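# Structural features, examined
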Amino acid sequence: MALVSTIRHDGDGGVLDDLGTLRGTNRWLQQQPGLPEVATATGDLVADEELRAAVIGVRRAVRALFARVVSPAPPSPAPPSPADAHRLMPADEALAHLNAAAAQEPVAPQLHWPAQGPPTAWLLSAEADPRVRLVAALARDAVDFLSGPQREQLRACHAPRCVRYFVRSHGRQEWCKPSCGNRARVARHYERTRAADPS
């Protein structure tokens, strides 16, 4: 969710891309505590244009597949996020791109089972390049999400000017955050008031 949320409303009616520059991409990488160890353990992973393009490619694929999730078959399709609804990667291309990115890193599951406590598992990588490991890990996280139970709760926020996707935490949740709900209610009130006053 953090990767797709790098496209967001800028507060002035436009869209902001946190990965739009190298500086922004490096800032985002440094601010992600949930990124795989490859990004945080080395401490010197600095994005270049090639890495930035690879991360954006994964994001484009994931946003296209998110749009597929929130746009079920008729009779009641929900539109995808307005940020990129007009320029989405075709779903089959997005799927191929995501799978190819995830497959860049050969990994093997490893089990650790201490004498006290439950067993834990992690993936052992045979890839030396931290950039490849980062892109593959982002893609694998998306594969895990899209094939997991949370996919059923994925929604696009349709508050005015919002471009985010979110995981619905309760049955009646319509917006990604309370401020979006407030904007939507104000917009509806404005439309009702305008419709009632024909002058």
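Source: prediction; values computed, not measured. (Residues numbered from 1 in each chain as written. Predicted model: local features only at pLDDT ≥ 70, side-chain atom pairs only at ≥ 80, totals over all residues. Heavy atoms only, no water.)

### Quick look at helix 5 (residues 130–146)
Spanning 17 residues, helix 5 covers 24 Å between terminal C-alpha atoms, matching the ideal 24 Å at 1.5 Å per step. Looking at helix 5, one finds that the buried residues are Val132, Leu134, Val135, Ala136, Ala137, Leu138, Ala139, Arg140, Ala142, Phe145 and Leu146. Of the residues flanking the start of helix 5, the one acting as N-cap is Asp129, its side-chain oxygen 2.9 Å from the backbone nitrogen of Arg131. (Helix = DSSP H or I, 4+ residues; strand = E, 2+ residues; numbered from the N terminus. Expected span 1.5 Å × (residues − 1). Buried < 20%, exposed > 50% of the residue type's maximum accessible area, 1.4 Å probe, protein only. Polar contact = N/O pair within 3.5 Å; in protein donor to acceptor, adjacent residues only side chain to side chain.)

### Structural notes on the environment of Lys177
When you line up the elements, Lys177 lands in the loop between strand 6 (165–167) and helix 6 (178–196). Put simply, Lys177 and Phe166 are 11 residues apart on the chain and 8.9 Å apart in space, counted from C-alpha to C-alpha.

### Concerning the confidence of the model for the protein chain
The predicted model of the protein chain has a mean per-residue pLDDT of 83, with 79% of residues at 70 or higher. No element of the protein chain has a lower mean pLDDT than helix 2 (residues 37–41), which averages 52, and none a higher one than helix 4 (residues 91–102), which averages 96. (pLDDT = per-residue confidence, 0-100.)

### Brief notes about the nonpolar core
Of all hydrophobic cores here, the largest spans 33 residues; its most connected members are Leu51, Val58, Phe66 and Leu98. Among the secondary structure elements, those contributing two or more residues to this core are helix 1 (22–30), helix 3 (49–70), helix 4, helix 5 and strand 5 (154–156). Among the elements that take part in this core, helix 3 stands out by supplying 11 residues, more than any other. Leaving out residues up to four positions away in the same chain, Val58 has contacts with Leu3, His97, Leu98, Ala101, Val135, Leu138 and Ala139. Cys157, Ala159, Cys162 and Phe166 belong to the second-largest nonpolar core, a separate cluster that totals 6 residues. (Core = buried A, V, L, I, M, F, W, Y, C linked by side-chain atoms within 4.5 Å. Contact = heavy atoms within 4.5 Å.)

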